[in-house]
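Chain by chain, the residues run as shown.
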Amino acid sequence: MKKAIWVIGFMAVLAACSKDDKGTGSIPVETITVKDLAADTIIGITPGAPPTGGMPFGAGKYSFYSLESNQMVASSDSASNKWDIAFRGTSIITNSGNRGPAAGGAFVYIGLFSDLKTIPKDSSFKVENAPTAFAIPSGSNRGWYVYDGLNNLINPIPGRVLVIRTASGKYAKVEILNYYKGGITPAASASDAIKTNTQRYYTFRFSYQSNGSTTF
Amino acid sequence: MLLRIGGVSLGLLFSVNLWSQQSDTLSGTGNEIVVTATKTERKISSVAVPVTIISQQRILQAGSLRLNDILQEQTGLFLTAAFGSGVQMQGLNPDYTLILIDGEPLIGRTGGVLDLKRITVGNIKQIEIVKGPSSSLYGSEAMAGVINIITDKPKSNALKFSLRYGSFNTADLSLNGSIRKNNFTYQGFGNFYKTDGFSIRPNSSERAIAPIERFTQQHNFSYRFNNKTVLSINLRLNNESIKNIISVNNNGTIIQSEGLEKNKDLNTTVQLSHRLNEKITNNTRIYATEFSAEQQLLTSNGTPYTDFFKQRFARAENQTDFTLNKKLSLTTGAGYIIETANSTRYDKSSNTKTNRIGYAFIQSEWKPTDAFTIVAGARYDHNELFAAAFSPKLAFQYKFNPKFSLKASIGRGFKAPDFRQLYLNFTNTAAGSYSVFGTVEAQKIIAELNRIGQISSLESDYYRLSELKPEFATGINIGLSYNPITPLSITANIFSNTIENLIDSRLVAYKTGGAQIFSYLNVKHAFTKGIETDIKYALSKKWSLAGGYQFLLTGDKDEINRINNGQVFTRDANGFSSKLKRSEYVGLANRSKHMANFRVQFEQQNYFANLRLIYRSKWAVSDKDGNGLFNTNDAFADGFIQVNMATGKNFNKGIRVQAGCDNILNYTDVLNLPNLPGRTFYFTLAYTFLNTKTKQ
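Residues numbered from 1 in each chain as written. Chains lettered and ligands numbered in written order. Predicted model: local features only at pLDDT ≥ 70, side-chain atom pairs only at ≥ 80, totals over all residues. Heavy atoms only, no water.

The secondary structure content of chain B amounts to six helices and 38 strands. Computed over its C-alpha atoms, the radius of gyration of chain B comes to 26 Å, within 12% of the 26 Å expected for a compact globule of 696 residues. Once the C-alpha set of chain B is aligned to its principal axes, its extents read approximately 75 × 55 × 50 Å. Looking at chain B residue by residue over its 696 residues, the buried ones come to 53%. Taking the intrachain contacts of chain B between residues at least 6 apart in sequence as the baseline, contacts between residues at least 24 apart amount to 62%. (Helix = DSSP H or I, 4+ residues; strand = E, 2+ residues; numbered from the N terminus. Rg over C-alpha atoms; globule rule 2.2 N^0.38 Å. Buried < 20%, exposed > 50% of the residue type's maximum accessible area, 1.4 Å probe, protein only. Contact = heavy atoms within 4.5 Å.)

Right, let's get into the overall build of chain A. What chain A contains, in helices and strands, is one helix and 14 strands. Put simply, of all contacts in chain A between residues at least 6 apart along the chain, 59% involve residues at least 24 apart. By element, 54% of the accessible surface of chain A is carried by carbon and sulfur atoms, the whole surface being about 9700 Å². (Areas by Shrake-Rupley, 256 points an atom, 1.4 Å probe, with all protein chains shown as cover.)

Residue and element names in this part refer to chain B. The mixed open sheet is built from five strands, whose spatial order is β3-β8-β9-β6-β7. At either end of the open sheet lies a strand with only one pairing partner, and these are β3 (51–55) and β7 (104–105). Two elements, β3 and strand β8 (residues 124–131), share five bridges in a ladder whose sense is antiparallel. Paired with V51 across the strands is V130, a residue of β8. (Pairing = 2+ DSSP bridges.)

Our focus in this paragraph is the packing of aromatic side chains. Under the criterion given, the structure shown has 36 aromatic pairs over all chains. Taken together, a centroid distance of 4.5 Å and an interplanar angle of 50° make the contact between F87 of chain A and Y202 of chain A tilted. Here F87 of chain A is found in strand β7 (residues 85–88), whereas its partner Y202 of chain A is found in strand β14 (residues 199–209), with 115 residues between them in sequence. On the accessibility criterion, Y202 of chain A (0% relative accessible area) is buried. Through pairs of rings, three or more aromatic residues link up here, namely Y65, F87, W144, Y145, Y179, Y180, Y202, F204 and F206 of chain A. For the cation-ring pair, R345 of chain B lies above F426 of chain B, with the distance from its terminal atom to the ring centre recorded as 4.2 Å. Positioned above the aromatic ring of F636 of chain B, the side-chain terminus of K618 of chain B is 4.4 Å from the ring centre. (Phe/Tyr/Trp six-rings, centres within 6.5 Å; stacked < 30°, edge-to-face > 60°. Lys NZ or Arg CZ within 6 Å of the ring centre and 35° of its normal.)

This part covers the sheet that holds strand β8 (residues 91–94) of chain A. Strand-to-strand pairing in sheets goes through backbone hydrogen bonds, with the strands running parallel or antiparallel. All names here are of chain A. Pairing is antiparallel in the open sheet, where four strands are placed in the order β6-β5-β7-β8. Single-partner strands in this sheet number two, and they are β6 (71–73) and β8. Each adjacent strand pair in this sheet contributes to an overall mean axis angle of 30°, direction not counted. In terms of strand pairing, strand β5 (residues 63–66) meets β6 through three bridges, oriented antiparallel. (Axes fitted to C-alpha atoms, helices over the stretch in contact; angles between N-to-C directions.)

Residues and elements named next belong to chain B. For helix α6 (residues 557–564), the set of buried residues is E559, I560 and I563. When α6 is viewed along its axis, its buried side chains cluster within an angular range of 100° and face the same direction. On its buried face, α6 sits against β28 (516–538) and β29 (543–556). A side-chain oxygen of the first residue of α6 lies 2.8 Å from the backbone nitrogen of D558; this N-cap is D556. (Arc of directions from axis to C-beta. Polar contact = N/O pair within 3.5 Å; in protein donor to acceptor, adjacent residues only side chain to side chain.)

Moving on to a nonpolar patch on the surface. Residues and elements named next belong to chain B. Taken together, the side chains of F184, F221, Y223, F225, I233, L235, V270, L272 and I286 define a hydrophobic patch exposed on the protein surface, amounting to about 720 Å² of accessible area. Elements with a minimum of two residues in the nonpolar patch: β13 (212–224), β14 (229–250) and β15 (253–275). One can find F221 in strand β13. (Patch = residues over 30% accessible without salt bridge, like charges linked within 9 Å, V, L, I, M, F, W, Y side chains within 5 Å. Salt bridge = Lys/Arg side-chain N within 4 Å of Asp/Glu carboxyl O.)

All names here are of chain B. Within the largest apolar cluster, 32 residues are counted, with the highest numbers of intra-cluster contacts made by L98, Y138, V146, Y346 and Y520. Every element with two or more residues in this core is listed here: β6 (97–101), α3 (135–138), β16 (280–299), β17 (305–323), β18 (328–343), β19 (353–369) and α4 (419–423). Counting residues in each nonpolar core, the second largest holds 31 residues, with L71, I101, I127 and A526 among its members. (Core = buried A, V, L, I, M, F, W, Y, C linked by side-chain atoms within 4.5 Å.)

Below, the discussion takes up the side chain of Q642 of chain B. Checked against the element boundaries, Q642 of chain B lands in strand β36 (residues 640–650). In this view, Q642 of chain B contacts Q72, R612, L613, I614, N663 and L676 of chain B; residues no more than four positions away in its chain are not counted.

A positive phi angle, near 55°, is found at N70 of chain A, a position not held by glycine. Assignment of secondary structure puts N70 of chain A in the loop between β5 and β6. Under the relative-accessibility criterion, N70 of chain A is labelled buried at 9%. Positive phi values are uncommon outside glycine, yet K653 of chain B reaches one of about 65°. Structurally, K653 of chain B can be placed in the loop between β36 and β37 (655–662). On the accessibility criterion, K653 of chain B (74% relative accessible area) is exposed.

This paragraph deals with the pattern of salt bridges. When the charged atoms of two side chains lie near each other, side chains of opposite charge can form a pair. Summed over the entire model, instances satisfying the criterion amount to 30 salt bridges over all chains. Residue D102 of chain B is joined to K153 of chain B by a salt bridge in which the shortest nitrogen-to-oxygen separation is 3.1 Å. With D102 of chain B in the loop between β6 and β7 and K153 of chain B in the loop between β9 (145–151) and β10 (156–166), this residue pair connects regions lying 51 residues apart in the sequence. Bridged by salt links that share partners, the residues E175 and R205 of chain A together with R571 of chain B form one connected network.

Once that is clear, we can look at the pairing of strand β2 (residues 31–38) of chain A. All names here are of chain A. Where burial is concerned, most of β2 is hidden: seven out of the eight residues are buried. Across six bridges, β2 lies against β14 in antiparallel orientation. Bridge pairing in β14 places L37 opposite Y202.

Residues and elements named next belong to chain B. Along the chain, D307 falls in strand β17. Since its relative accessible area comes to 10%, D307 is described here as buried. Each C-alpha atom, one on D307 and one on E213, is 20 Å from the other, the two residues being 94 residues apart in sequence. What D307 contacts, discounting residues up to four positions off in sequence, is A293, E294, Q295, T344 and R345. Within polar-contact distance, the side chain of D307 engages the side chain of T344 at 2.8 Å.

Let us look at the environment of G84 of chain B. Here G84 of chain B lies in the loop between β4 (77–80) and β5 (86–89). Taking the C-alpha atoms as reference, G84 of chain B lies 9.9 Å from N68 of chain B; in sequence the two are 16 residues apart.

Before going further, it helps to spend a moment on helix α5 (residues 439–451) of chain B. Residues and elements named next belong to chain B. Counted at 1.5 Å a residue, the expected span for α5 with its 13 residues is 18 Å, and the 19 Å between its end C-alpha atoms agrees. For α5, every residue scored as buried is listed here: T439, E441, A442, I445, I446 and L449. Down the axis of α5, the buried set is contained in an arc of 135°. They therefore lie on one face. Exposed and facing more than 90 degrees away from the buried side of α5 are K444 and R451. Positive phi appears at G453, one or two residues downstream of α5, with a value of about 75°. (Expected span 1.5 Å × (residues − 1).)

Okay, structure coming up:
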């Protein structure tokens, strides 16, 4: 992944490749890569030893993001329609139900990002309809990631696309590419300190369809 | 296994020149006697299934101490490093190879692995390795094959000791003695082993191999009533005590825990062998064994933790061998097994889990001509706790001429679900509070948790939980052996194993709070196939060469179907998802496509020296791209070569000395081979006090 030439920081526009041969009149959809979105990074380790202690923790705050405007949204705006998705550790939420005032939602599409050209008609968007319910299922091997317990690493599952209904009711597709700083997963042999300090930095790419259609 | 009634001469075991006469399978004349393949004594040259014999001489000259040491130098065997040292045969996990001592099964597996380090090689006469499913004779676990350790039972008055000392303060002391008086024979054996252990991880107080002390004793009494009836009693006891220092680095503060692990193995056999007449021999065997393991962990600032496991296995078996005529012989038998287990990892350690098995087997051997042998057999196992198993086998051998022969066999093997897969009730509070429940417990416990609102979701696999079925394998072996000239022998064997109903742990539910619950299901369909070949060439009377090679392909049918259907993904160089190609799939983890060994040996009179190479190509170790299977994008351990050497000399007056160096190239891999130390050295001194041959 070092070979990929990315502009560090948010709003790194990689490619603008969309096929719009259906003649619906929609404007081309860009694919944008966002790098190193800090999502409640580790600030300490609880005292003691497992199972009662020794757990790394962050400040407990979500990082809010607007796919529509391709920028971070202040957490003071968490109760607004300004954001579409938010990240905290491995949890990714949408602006819906118990977590936001908007009518957002999401589901996990199994397949390639580039193969998802139209959201299937029979898709059902899930909403955050309970304090413990997530539109994007939380937990290892359920939503977007799998936890490698042997090496203590989080790996995004390949072939998973998060299909998002934004706060304004439009559609976007998101592929999580990496969970570690710089978009590089530490080596299995790396120290726990490195694995702890470089985690919770999202690299992802997304396409946002501003015309309200379900076609990318 | 069967008592050798006036049969095979064991006298050569204590011949003074131990090095010169014996030979292993390949260099042999084909006259070595093997019992494991047919449960009767047969010349290895007339056995229709793939068999390897490792002789005592070979074990001694390799400087081996524990069973894993010598097995790792054999073609097609790989020693795994999780839960002790297990053996992978024909690419199948250690769970599927039955380990016998004098024909009786060893119990006490952890995670399916029977730790071969529990077995000293100090009193082994020969090791017999039968590859391919052998459940038609042996029942459960004999799915990949059987390893039978034949202990040394010299029929002479003898006393000898052997002392070895080497790196990491590893000391091994063996004492062998035997008395023969009239019709009474006693053989005694004692072995003490200790090591300080080691760690190749820098700056670590934890040891990959912890300090261990082992004491093994074996006693065998036999009494010959007359030429027809012999009674023998065998006792074996192995005690292990392992000290573990576990340190948890917590934010710079290191918390030390001291662990003490005690394992005990007790095996007792009573056997009555009776020859009714020239044609019929009957054997009655009562076998009882117990394995117990206790672990105590004391954290410097925490509460003590105790883990306890005890397994018992008792079996009564009767076997009758009929030699109907020169062309036809028949073996029949039946037995009953009671197996119990207690563990702190089950619902209550005081609750004894029991399984009872009744079984019967029959095997016929037909030699229509001198060149042609057909063996057909089958066994039926009726289990109390799970579905019954029927295991047939058919094998034949054809000798085209004295130089060239062909053997082929097809058989079915099975492995019964073990107590862990049925009854485990374990929650790991140290790692995210995940739980693993055996299938018998799982539905009960999860239904109860659900009732009191502690389950957040039931996964699709929960609804597939049902009575576990035994795991089945169908194995085909086709081999040939070719001896174009006396000093050269070549054997090759093509194998294919198709495994159904493989038991795997699956996520079945989530607790409220996100903790995962796993249980066991018959879900996987795996295969292993390949070819193995051994070549041995004696350059001269002094120099000989031997080489072995195995090519192995493995995989899971369901995974391949998912790949072919475009349902499996990996990542490209940009980190973007891409469809996994069939050619990128590597099959099962921890398997090397290529494994090889090579040995050069020099022998002259009472002196020998050898150099042994073991090669293993890269193998998959962890799923780096998160797609749940192993492909070229994942993490692999590098292939490596281990080189060992040994040299020794026999002096007059019964003194033998030997020195050796293992892993001369000092190859280490901290992450993937924590149990392989760097270069190690040892020195052995052995002395035979007494060796008087007695008359039969």
